[in-house]
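Overview (structure and organization)
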Amino acid sequence: MPPTKTTTKPGAKKADDAKPAKAAAAPKTAAKAESAEKTKKAAGDADAGAKTAVKETVSLIDKKEKVKRTRPVTELENKPFAHIPISKLLEPEVVKAPVPVTPPTVEPAPAAGGTATLSPTAPVGEAAAGGDENEKVVHLKPPFTVKDLAVAMGVKPFQLIGDLMEMNIFASINQTIETDIAARVCTKHGLTFEKEKRKEGGGVHKPEPPKEPPKEAPKPKPDELSLRAPIVTFMGHVDHGKTTLMDAIRKTRVAAGEVGGITQHIGAYSVDHNRHRITFLDTPGHAAFTAMRARGANVTDIVVLVVAADDGIMPQTIEALSHARAAKVKIIVAITKTDVPGANLDKVKGQLQEKGLAPEDWGGDVGVCPVSAIKNQGVDQLLDRILLESEMLELKASSQQMPRGTVIEAQIEQGRGPTATVIVRGGTLKVGDPFICGHFDGKVKSLIDDMGKPMKSAGPSTPVKVLGFSGLPDAGDEFVVMESDRAAKALSIERQSEQRMQKLATPQRATLENLYASLAEGQKKKLYVVLKGDVQGSVEALVTSLQQIESKKIDLEMVHSAVGPISESDILLASASIAIVFGFIVKVENTAAQTAKRENVQIKLFSIIYELIDQVKEAMAGMLDPETREAVIGHAEVRKVFELSKGLVAGCAVIDGRLARSARARVTRSRTPIYDGGFATLRRFQDDVKEVRSGLECGIKLGDFNDYEVGDIIECYTLEKIPQKL
C-alpha cells in the first residue's frame, strides 16, 4: 500500500477532518496531539463533530518550559508509515526528561489489537534498546577515530561531529580524538567511557631485541671430520720469484700479466698433485702490502718463504717471517733462482740459520727446497714436501657444519657488481645460501673457481669467487652463512647503523692543551686526495702507505677512497674539496673525464704502486713555498768617498768575486751591518755597467744611503729560491 500523501491547503484540511478515523490509523503521541490542537484553534474550526479519535488532557494551570528532547534512534525512523508492523506501534516510546516532573498522560484511541501507552516511569539516561547497565559503558582502545566512537556509542557520526563543534573542536569523521574528549562526549549522552589498556609488550612500536652476531662454529663431531686440502701461502721479498714459481706449479703465465713485473694483488689457486689437492695463496712482496701478507699468514696452514739465491734475505723477507711466526704456522723455505749467475745456496742457508730457521741438512727442522721456476727444477720436490707437512699436521674439517670462510680479496666487476674471493674454512658453501660478511649481507648468486668456471658448491679449503654481495666487504672479513635472508638482513642493518653512529659521534672538544696544537695545524698546508683502486687490498695498502708519509710542513688528507672506476661523483667531490684524483689500475668513465675537464680537476692514473706513492710525495713537496737563501757573490772595499750633486758616491775596489747590478748589497762597518738594499748606480769610469769583477775599481751608490766611510765593506749577494723537502 503506498504511503498517504498529505497537503497543507485549508479546504483539504477540512475535508480530511470530516472523514471518520480508520481502524488502522496510527495513534498520536502527546506532542502530536498538542500540535494538532493548536492548528485547529488558529484556523477557527467550529466543527465539533469531526474531532479526531485521540482525546488529550492538557493542564492550563502549570505552564512548563519547553525542553529540547533528543529522540533515540529506533527502527521507526526512515521507514514508510504503511510498512510499520502492528507490533511496533504497540511498543511504548521512551521520552528522556531532564527534570523529575510527572509527564502528561496521553490516552490514544484504541487500535486494532490493543492500546499503546507512554510509561511515565522510564529510567533517565537509559538506552532505547533496554536498561542493562553494561550497555551504558563504552570500551575503546586508543587510538580511535570519530567514526569508531560513534559506532561504539550507537549514534550517527554527524551527530557526534555536532557535539564536538559545540565544544569548539572541529574534527572530521576519520580524525582521531583524545580520550578525555571522548569521555566528555559520552557523559553528555549519558554513557561512561572506559579506555582499554594495551597488554604489556603489545604496543605499536615494540622495541626489537638486538640481533645477536653469528656464534662461533661448534666443534664438529669426530665422525663428521675428514681430511682437507692444506692452504699454502707464498711470502717473501718483492721480485724474488713467488709468482713465477706459482706459474710453474699451475702451468700458467700469471706473472706476465702483472704490471711492472710485480704482484699487487692476492691470488688464490687450487692445484692437484699426486691425486691430492693443494690451495695456494700468492701475496705481494712490496713494502706497502704489509696488511696483505699478514692476512695471508692468518688464514694459512703452511707458509712457503721464498728467498732468491742471489739476493738472500731482504727486509720484506724478515717481515714475512715475523707474520708467519706470529700466526704459528709451519714454515718451508724455497730458495729460488738457483740457475742465476751469482746464486749462493750456502750464503742463504747461513742467513736462515741466523734468523732461527735451521735447515734440515744443517741439523735443523726446517725444510729447504732449491727450485728454479724457469727451468722447472725442484718444483715436484717442493710439492711433495708440502704434502708431507700437511699429512703430519693432520688437517681436518667438517663439510656438514654451517659454512664459514675468510675474504681474501674484494673488488667491483663490471656486470657482476661487488665480488669477493673467499677461502672456505668449514662447511659446504652452495648457490643460494644467505650470508653475512662484515657490514653487508647477500645471497650466493654464483660460485666461480680460480679458472673462471662456475661451481655448484665449494667445500673446506676451497678458494672461490662469490657473487651476490649487497655491498663491497673489506678484505679479511669473516664470511658466515645465516639461517635465513631475514636474519642476515637484520644483522646487516644493525651493523651499518652502528658504523654510521660511530661516524656521527661527537668529535673531541678543544682543550687548553691541544688548542695551540690545533692552531699550528691550521697553519699547515694540506693535500687533499681522492683515491680509487681496482681491489680492496690495493686500496687498503695505498691508504696505509700514504698516511705514513711524514712531514711537519704539510699534511695529506684522504677525502675519499673506494674500489671501482673513477666516476662523475668522484670528480664533483674532488672539485668541492679542491682535491687531486688518483687512480690505481682503474679506468675513467666518459662522463667523469668530461666533468673533470669542465671543473678543472686533475686526474692521475698509475699501474705501479711505488710510482703513485712517489708522485704523491712530489705533489706534497711542490705545494710548499720555496725557501729563500742568500748566496754571496763578491765583496768590495770603500777606498774614497766622492761628493757629487746627486749625493755621495763610494769609490770602491772589488776584493773578491764580482758585483752585479741586479744583485743586492749590504754595507758592514766593523763587521756590523748598517745598510741593506739594492744598487742605485754601478759605474766604471763614466759608463754604467752590469757587473764588475775582482781586481777592478768602480763607483757605487746604494739606494738612498749617504753615510759612506773609508774602510766600509760592501757585500754583494743574490737571493736563491730552493724548493723545500718533506
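Quick summary incoming for the structure in this document.

Rules of the game
- Residues numbered from 1 in each chain as written.
- Predicted model: local features only at pLDDT ≥ 70, side-chain atom pairs only at ≥ 80, totals over all residues.
- Heavy atoms only, no water.
- Helix = DSSP H or I, 4+ residues; strand = E, 2+ residues; numbered from the N terminus.
- Contact = heavy atoms within 4.5 Å.
- Phe/Tyr/Trp six-rings, centres within 6.5 Å; stacked < 30°, edge-to-face > 60°.
- Buried < 20%, exposed > 50% of the residue type's maximum accessible area, 1.4 Å probe, protein only.
- Pairing = 2+ DSSP bridges.
- Axes fitted to C-alpha atoms, helices over the stretch in contact; angles between N-to-C directions.
- Arc of directions from axis to C-beta.
- Parallel < 35°, antiparallel > 145°, perpendicular 65-115°, else oblique.
- Left-handed = near helix turned anticlockwise from the far one by under 90°.
- Nonpolar A, V, L, I, M, F, W, Y, C, P; charged D, E, K, R; others polar.
- Salt bridge = Lys/Arg side-chain N within 4 Å of Asp/Glu carboxyl O.
- Disulfide = S-S within 2.5 Å.
- Expected span 1.5 Å × (residues − 1).

Right, let's get into the overall build of the protein chain. Regarding its fold elements, the protein chain presents 17 helices and 31 strands. Sequence separation of 24 or more characterises 70% of the internal contacts of the protein chain that already satisfy a separation of 6 or more.

Turning to the packing of aromatic side chains, a few remarks are in order. Under the criterion given, the structure shown has eight aromatic pairs. On the numbers, 5.0 Å between centres and 25° between planes, the contact of Tyr675 with Phe705 is stacked. Note that Tyr675 is positioned in strand β27 (residues 672-684) and Phe705 in the loop between β30 (697-702) and β31 (713-722), a separation of 30 residues in sequence. We note that Tyr675, like Phe705, is buried. These aromatic residues form a ring-pair network of at least three members: Phe435, Phe469 and Phe479.

A few words on the sheet that holds strand β7 (residues 302-308). Spatially, β5-β6-β4-β7-β8-β9 is the arrangement adopted by the six strands of the open sheet, whose pairing is mixed. Among the strands making up the open sheet, the edge pair consists of β5 (267-273) and β9 (367-370). Strand-to-strand twist in this sheet, taken as the mean axis angle between neighbours without regard to direction, amounts to 25°. Where β5 lies against strand β6 (residues 276-282), seven bridges are found, and the strand directions are antiparallel. Among the inter-strand pairings, Ser270 is bridged to a residue of β6, identified as Thr279.

A few words on helix α6 (residues 179-188). Among the residues making up α6, those that are buried are Ile181, Ala182, Val185 and Cys186. All buried residues of α6 lie within an arc of 135° about the axis, which places them on one face of the element. Tucked into the core, α6 has its buried residues touching β1 (137-140), α4 (146-153), α5 (157-166) and β2 (192-195). Two residues or fewer past α6, Gly190 is found with a positive phi of approximately 75°.

Between α4 and α5, the shortest axis-to-axis distance is 9 Å and the interhelical angle comes to 110°. For the element pair α4 / α5, the angle class is roughly perpendicular. Classified by chirality, the crossing of α5 by α4 is right-handed. The segment α4 lies against α5, with Val146, Leu149, Ala150 and Met153 engaging Pro157, Leu160, Ile161 and Leu164. Considered class by class, the residues forming the contact of α4 with α5 number eight nonpolar, no polar and no charged.

A few words on the pairing of strand β12 (residues 417-426). For β12, a buried count of eight out of 10 residues is recorded, marking the element as mostly surrounded by other parts of the structure. Pairing between strand β11 (residues 404-413) and β12: nine bridges, direction antiparallel. Bridging across to β12, Glu413 finds its partner in Gly417. Where β12 and strand β18 (residues 463-469) come together, five bridges link them in antiparallel fashion. Along β18, the bridge assignment pairs Thr421 with Lys465.

Residue placement: Lys396 occurs in strand β10 (residues 396-398). Residue classification places Lys396 among the partly exposed residues on the basis of a relative accessible area of 49%. Ignoring anything within four residues of it in the chain, the contact list for Lys396 reads Leu225, Ser226, Leu227 and Arg228.

Attention now goes to the pattern of salt bridges. It is possible for side chains bearing opposite charge to pair when their charged atoms get close. A complete count under the given rule lists 26 salt bridges for this structure. Among the salt bridges present, the one from Glu478 reaches Arg404, with a minimum N-O distance of 2.8 Å. Placement of Glu478 in strand β19 (residues 478-481) and of Arg404 in strand β11 is noted, with a sequence separation of 74 residues between them. On the basis of relative accessible area, Glu478 is assigned to the partly exposed category, the value being 35%.

One open sheet holds the four strands; their spatial order is β21-β20-β22-β23, and the pairing between them is parallel. Here the strands that pair on one side only, and so sit at the sheet edges, are β21 (554-563) and β23 (603-606). On average, each strand axis in the sheet is inclined to that of its neighbour by 25°, with strand direction left out of account. Both strand β20 (residues 525-533) and β21 contribute to a ladder of nine bridges, which runs parallel. Paired with Val530 across the strands is His560, a residue of β21. Here helix α14 (residues 536-547) sits on the sheet in contact with β20, β21 and β22 (580-584), set at roughly 175° to β21.

What is meant by a disulfide is a covalent connection between two cysteines, made through their sulfur atoms. Overall, the coordinates contain zero disulfides when judged by the stated rule. We note that Cys716 lacks a disulfide partner, and the nearest cysteine sulfur, in Cys698, lies 9.9 Å from it. Judged by relative accessible area, Cys716 falls into the buried class, the value being 0%.

The subject of this paragraph is the packing of α5 against α6. At their nearest, the axes of α5 and α6 sit 11 Å apart, and the two run at 110° to each other. The orientation of α5 with respect to α6, classified from their angle, is roughly perpendicular. Only Ile181, Val185 and Lys188 of α6 make contact with α5, whose side of the interface consists of Leu160, Asp163, Leu164 and Glu166. Tallied by class, residues from the contact of α5 with α6 come to four nonpolar, no polar and three charged.

Spanning 19 residues, helix α12 (residues 485-503) covers 27 Å between terminal C-alpha atoms, matching the ideal 27 Å at 1.5 Å per step. Buried within α12 we find Ala488, Ala490, Leu491 and Ser492. Looking at the buried positions of α12, the neighbouring elements they touch are β14 (434-437) and β15 (440-448).

Relative to β27, strand β26 (residues 664-669) runs antiparallel, the two being bridged by six bridges. Looking at β27, one finds that Val667 is bridged to Tyr675. Inspection of the sheet shows β27 paired to β30 by four bridges, in the antiparallel sense. Considered in β30, the bridge of Phe679 is made with Leu702. With two bridges joining them, β27 and strand β28 (residues 687-688) adopt antiparallel strand pairing. What sits directly across from Arg683, in β28, is Asp688. Adjacent in sequence and paired antiparallel, β27 and β28 are bridged by two residues, among which Phe685 carries a positive phi angle near 60°.

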